[in-house]
Amino acid sequence: ITQHERVWELYLNFARNCKVPETAVRVYKRYLQFDPDAVEDYIEFLLDIGRVSEAALKLAELLNRENFVSLRGKSRHKLWMELCELVCKNPSQVKALRVEAIIRSGLRTFSDEAGHLWCALADFFIRQAFFEQARDVYEEGISSVVTVRDFSMIFDAYTQFEESLISAQMEQQMATPDDDVQEELEMRLARLERLMERRPELLSSVLLRQNPHSVHEWLKRAALFDGQPAKVIHTFATAVKTVDPQLAIGKPHNLWLQFAKFYEDHNDLKNARVILRKATQVPFKTVEDLAAVWTGWAEMELRAKKYNEALAVLAEATIIPPAANRGKEKEANAPVQARLYKHTKLWAFYADLQESLAGFDATKETYDKIFELRIVTPQLVLNYAAFLEEHKHFELAFQAFEKGVVLFKHPHVLQIWLPYLTKFVARYGGTKLERARDLFEQALEGCPAAEAHKLYLLFAKFEEEHGLVRNAMSIYDRAVDAVAIEKRLEMFNMYIAKAAEYFGVTKTRDIYEHAINKLPSAQVADMCMRYANLERKLGEVDRARAIYMHGAQDVNPKTPTGADSTFWRTWHDFEVAHGNEDTFREMLRIKRAVATQFTDAAVVTNLMVGDKRPRDEGGENPADSMEALERDVDQFSALAPVTNGADPSKFSAASAFAGARPGFVFKMDVLGLGYYLDEHSEAEPAEAQPPASEEINIDDDDDDDVEEEGAEMLRKLLKEEKPSVEETTDSEVANANGAKPAQGEAGTPASVGGKRKGASPASEDDAKRTRT
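1. A look at the overall build of the protein
(1) Moving on: The number of helices and strands found in the protein is 36 helices and three strands.
(2) Moving on: Relative to all contacts within the protein whose residues are 6 or more apart in sequence, the contacts with residues 24 or more apart total 53%.
(3) Moving on: Counting only carbon and sulfur atoms, one obtains 52% of the accessible surface of the protein, whose full area is about 44,600 Å².

2. Comments concerning the confidence of the model for the protein
(1) Moving on: Of all residues in the protein, 78% have pLDDT values of 70 or greater, and the mean over the chain is 78.
(2) Moving on: The low-confidence segment residues 635–645, where pLDDT is below 50, has eight contacts with residues more than four positions distant or belonging to other chains.
(3) Moving on: Every residue in residues 717–772 is under pLDDT 50, and counting partners more than four places away or in other chains gives 52 contacts.

3. Here we look at a negative patch on the surface
(1) Moving on: Taken together, the side chains of Asp178, Asp179, Asp180, Glu183 and Glu186 make up a negatively charged region of the molecular surface.
(2) Moving on: Relative to the helices and strands, Asp179 resides in helix α10 (residues 179–197).
(3) Moving on: Asp179 sits in the exposed class, given a relative accessible area of 64%.

4. Focus on the nonpolar core
(1) Moving on: Ranked by internal contacts, the top residues of the largest apolar core, which has 126 residues, are Phe567, Trp568 and Trp571.
(2) Moving on: Filtering out sequence-adjacent residues up to four positions away, Trp568 remains in contact with Ala552, Val555, Asn556, Pro557, Met587, Ile590, Lys591 and Val594.
(3) Moving on: Residues Phe45, Leu83, Leu107 and Ala114 belong to the second largest nonpolar core, which totals 61 residues.

5. Here's the deal with unusual backbone geometry
(1) Moving on: Cis geometry marks the peptide bond from His410 to Pro411, where omega comes out at 5°.
(2) Moving on: Residue position: Pro411 is located in the loop between α22 (394–407) and α23 (414–428).
(3) Moving on: In this model, Asn267 sits at a positive phi of 60°, which is unusual for a non-glycine residue.
(4) Moving on: Summarising the element assignment, Asn267 is placed in the loop between α14 (253–265) and α15 (269–279).

6. Topic: the state of the cysteines
(1) Moving on: By the definition in use, this model includes zero disulfides.
(2) Moving on: Here Cys84 stays free of any disulfide, with the sulfur of Cys88 as its closest cysteine sulfur at 6.1 Å.

7. A short note on the packing of aromatic side chains
(1) Moving on: Enumeration over the complete set of coordinates arrives at 30 aromatic pairs.
(2) Moving on: Between Tyr138 and Phe161, the aromatic rings sit 5.9 Å apart at their centres with planes inclined by 40°, giving tilted as the arrangement. Within this pair, whereas Tyr138 is found in helix α8 (residues 131–142), its partner Phe161 is found in helix α9 (residues 148–175), the two being separated by 23 residues in sequence.
(3) Moving on: These aromatic residues form a ring-pair network of at least three members: Phe398, Phe401, Trp417, Tyr420, Phe424 and Tyr428.
(4) Moving on: Here Lys403 stacks its cationic end above the ring of Phe371, 5.7 Å away from the centre of that ring.
(5) Moving on: The side chain of Lys432 reaches across the aromatic face of Tyr428, ending 4.1 Å from its centre.

8. With respect to the packing of helix α28 (residues 509–518) against helix α29 (residues 521–537)
(1) Moving on: The geometry of α28 relative to α29 is characterised by a closest axis approach of 9 Å and an angle of 160° between their N-to-C directions. Considering the angle they form, α28 stands roughly antiparallel to α29. In this structure, α28 crosses over α29, and the sense of that crossing is left-handed. Counted together, Arg509, Tyr512, Glu513, Ala515 and Ile516 of α28 and Val524, Met527, Cys528, Arg530, Tyr531, Leu534 and Glu535 of α29 form the full contact between these two elements.
(2) Moving on: Split by residue class, the contact of α28 with α29 holds eight nonpolar, no polar and four charged.

9. So, the environment of Lys409
(1) Moving on: Looking at where Lys409 falls in the secondary structure, it is placed in the loop between α22 and α23.
(2) Moving on: Between the C-alpha atom of Lys409 and that of Ala443, which follows or precedes it by 34 residues, the distance is 10.0 Å.

10. So, helix α25 (residues 452–466)
(1) Moving on: Taking 1.5 Å as the rise per residue, α25 with 15 residues should run 21 Å; its terminal C-alpha atoms sit 21 Å apart, in good agreement.
(2) Moving on: Among all positions of α25, only Ala452, His453, Leu455, Tyr456, Phe459, Ala460, Phe462, Glu463 and Glu464 are buried.

11. A look at the side chain of Asp368
(1) Moving on: Its location among the elements puts Asp368 in helix α20 (residues 360–373).
(2) Moving on: Classification of Asp368 by relative accessible area gives buried; the value is 18%.
(3) Moving on: When sequence neighbours within four positions are dropped, the list of residues in contact with Asp368 reads Tyr384 and Lys403.

12. Considerations on helix α5 (residues 76–89)
(1) Moving on: Between its terminal C-alpha atoms α5 stretches 20 Å, which fits the 20 Å expected from 14 residues at 1.5 Å a residue.
(2) Moving on: All of the buried residues along α5 are Leu79, Trp80, Met81, Leu83, Cys84, Leu86, Val87 and Cys88.
(3) Moving on: Of the surrounding secondary structure, the elements contacted by the buried residues of α5 are α3 (39–48), α4 (52–63), α6 (99–109) and α7 (114–127).

13. Section: the environment of Glu316
(1) Moving on: Structurally, Glu316 is set in helix α17 (residues 307–317).
(2) Moving on: Residue classification places Glu316 among the partly exposed positions, given a relative accessible area of 34%.
(3) Moving on: Residues within four places of Glu316 in sequence aside, it is in contact with Arg277 and Trp294.
(4) Moving on: Of note is the side chain of Glu316, whose polar atom sits 2.8 Å from the side chain of Arg277.

14. Some details on the pattern of salt bridges
(1) Moving on: In the structure shown here, the tally under the stated rule is 30 salt bridges.
(2) Moving on: Of the charged contacts in the structure, one is a salt bridge between Glu139 and Arg198, with a shortest N-O distance of 3.2 Å. Pair noted here: Glu139 is in helix α8 and Arg198 is in the loop between α10 and α11 (199–210), with a separation of 59 residues, a long-range link.
(3) Moving on: Judged by relative accessible area, Glu139 falls into the partly exposed class, the value being 25%.
(4) Moving on: Taking relative accessible area as the criterion, Arg198 reaches 18% and is therefore assigned buried.
(5) Moving on: Note that Arg273 and Glu301 form a salt bridge whose closest N and O atoms lie 2.7 Å from each other. Within this pair, whereas Arg273 is found in helix α15, its partner Glu301 is found in helix α16 (residues 287–303), the two being separated by 28 residues in sequence.
(6) Moving on: Given the relative accessible area of 27%, Arg273 is considered partly exposed.
(7) Moving on: By relative accessible area, which is 1% here, Glu301 ends up buried.
(8) Moving on: What you see here is one network of salt bridges that share partners, running through Glu100, Arg104 and Glu140.

Here is what the cut-offs are and how they apply
- Each chain has its residues counted from 1, following the order in which its sequence is written.
- Selection of residues for local features in this predicted model requires a pLDDT of at least 70, selection of side-chain atom pairs for listing and counting requires 80 or more, and totals for whole chains, interfaces and linings are taken over all residues.
- Computation of side-chain values covers all heavy atoms of the structure but excludes hydrogens and water.
- Per the convention used, a helix needs a DSSP run of H or I reaching at least four residues, while a strand needs a run of E reaching at least two, with both numbered from the N terminus.
- Two residues qualify as a contact provided that any one of their heavy atoms is within 4.5 Å of a heavy atom in the partner residue.
- Per-residue and other accessible areas were derived by the Shrake-Rupley procedure at a 1.4 Å probe size, with only the shown protein chains allowed to occlude residues.
- Scored between 0 and 100, pLDDT is the confidence that the predictor attaches to each residue.
- Candidates for patches are residues over 30% relative accessible area with no salt bridge; among them, like charges are joined within 9 Å and nonpolar side chains (Val, Leu, Ile, Met, Phe, Trp, Tyr) within 5 Å.
- A carboxyl oxygen of Asp or Glu within 4 Å of a side-chain nitrogen of Lys or Arg is what we treat as a salt bridge.
- Counted as positive: Lys and Arg. Counted as negative: Asp and Glu, with His and the chain ends omitted from the count.
- Every charge is mapped to an atom, namely NZ of Lys, CZ of Arg, CG of Asp or CD of Glu.
- When accessible area is computed with a 1.4 Å probe and restricted to protein chains, residues below 20% of their type maximum are described as buried, those above 50% as exposed, and intermediate ones as partly exposed.
- Among buried residues, the Ala, Val, Leu, Ile, Met, Phe, Trp, Tyr and Cys ones that are joined through side-chain atoms within 4.5 Å form a nonpolar core.
- When two cysteine sulfur atoms lie within 2.5 Å, the pair is treated as a disulfide.
- Ring pairs are drawn from Phe, Tyr and Trp, using the six-membered ring of Trp, whenever the two centres fall within 6.5 Å, and their geometry is named by plane angle: stacked under 30 degrees, edge-to-face over 60, tilted for the rest.
- Whether a charge sits over a ring depends on NZ of Lys or CZ of Arg being within 6 Å of the ring centre and within 35 degrees of the ring normal.
- For every element, the axis is a line fit to its C-alpha atoms; helices are fit only across the contacting stretch, and the angle between N-to-C directions ranges from 0 to 180 degrees.
- The scheme is simple: roughly parallel for angles under 35 degrees, roughly antiparallel for over 145, roughly perpendicular for 65 to 115, oblique for anything else.
- Each helix crossing is assigned a hand: it is left-handed if the near helix lies turned anticlockwise from the far helix by less than a right angle, otherwise right-handed if that turn is clockwise.
- Under the convention adopted here, Pro, Cys and the residues Ala, Val, Leu, Ile, Met, Phe, Trp and Tyr are nonpolar, Asp, Glu, Lys and Arg are charged, and Gly plus all remaining residues are polar.
- An expected span of 1.5 Å times one less than the residue number is assigned to each helix.
- A 3.5 Å cut-off defines polar contacts: any pair of N or O atoms within that distance qualifies, except that in protein one atom must be a possible hydrogen donor and the other a possible acceptor, and neighbouring residues in sequence count only when both atoms are side-chain atoms.

What follows is the structure, encoded as structure tokens:
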């Protein structure tokens, strides 16, 4: 037997090529005794020679073997589908198997192929000309599938089947006209039309079988039967019985409300009330659903103009149970009906309805119950207060406000405090100052900074109109420190305006200084400009200049567009109008220093970003590595000081400019930043001195040209066809231009041009360097 494998391979090849099929079948049967797992080859051979019945029997026998493993890698599901397809397409040849039982067994086993199997079973009957049985199979399949995909497959096959029958009937009618055939044709056309009309209903049934607790699908199904009251009622009745409120997808109370609305639309309020009464006893999942039912019931009574019935419905819904039945533990395990009395929206609806239909006492009692249950909202507090105020009970309205502010905290209580304080001030004015002040202080306690400005402005306005201006100023002073940063500038502006109005502009100096210290740096410049403008109007030019100097420290001279900023243009115009050459030079010096500060910060940022070497995407060859090394050497050479033959003895290093040195020039060169010997200067070089402790940042040599141009421009402004600056005394220049001479430390006027008559050119250059 060990040699059989070698023999069978040749023997099977001979059997397949044999002209007598019976011989090959007998050979394969003997081979299966040797290798039972080769049954798939035998089935394939039987199908090739046309023995479908025997192949179907063998395939069914194979599926009955639980431990069978396909040598071709076919799953049990695939073998089942092959068997079903085989028996359905060959109904006349397969007689030994019960085809319908096999396919129904497959339907129970493989539910994901339900659409395909139902179509196969119908096809089995169609091939045998059993059209009525095929139609029954299609109807059964449509009414049992649970997926839209299977439904679409069966419905399309069903319509195609009906259309094929109609086409055959029409051809027969055209060939041999007959009244019976015509009548049958019309019946088939009516059946197809009816099938197409039923498609939305059938699809809805499929979706509901898929999820019977979908509220939305039930409402859509009821809408399909518009104009058919019996079917609508049957749909709603089935829906409310089928949908479990605990498992419902959507809002289950909508089913009951729409059911009642259907009866209401048909003027049957009695049955509508019966439906809603049953709905109030349903164990809903949340209190919201139950409250929606009671609210819908009351709205239905209002639509029918049954106002007393509506009040009675809400009164029944808001009955407070005894204290023994209340409590978190008892209510947690009880149905939602036990927690309905604490529903805020239901009470609010009841209060609004009583306010419109009932009297003052009943409405007030309802609002008091809401406060007792502690289910009140800020809007309900405002409604209650407005209701009391409307009936001229002002003190009761203020008591309602007091109850509201006790129940809530910031920020929710703010919407109660603002109308409370406004109405209190409007009602009593200045007759109850201390009570009003206590209310304002109570409102400000714990108020967040983002909302505090509203209360402070209201408090200050109250003091201005009914109290003391001094108290109003103290409130503004508290407000500028307590409000949020975003509102601080607005509060300072209000503070300054009120101080100027009541005490004069001279009293605003302390406020301006306080604002400059408290405001963010982005807002300080504008405040400094306003402060300096005030001092200029008061004639305090030196104070205005000092303010400009203080504010200039955080203002970049250049805007992103390249033009001078508003602050520096204002200071420039100020110096042109009220300054002299020395003050103008000082302004230019500060401008260069601030510009250098911002430039250095930008350079440092760019270097921190630019020093990162880009990472190579792929591998690099030796030549690329050498080029990268050379780039590193070049970068290091550019950063490191290289002498290039320069004499270090003619250089004195310095981190910043420390004053002029005769014979030396301060610059950045090959040896670094410091003082270099000026080879073109005729003056004898002075000995290099260590840098001073005070640092003055200088950009480059071009700044001297800017300084000279500024000084020259100022000289032209000061000239009015007078002798030159060198031949005119300081007092004459001051008298001619109407400007005050700059005062030195000893109180003596300084020269406008920065030099005296008769000064030598060398001394003038030294003086320029010293001033720089």
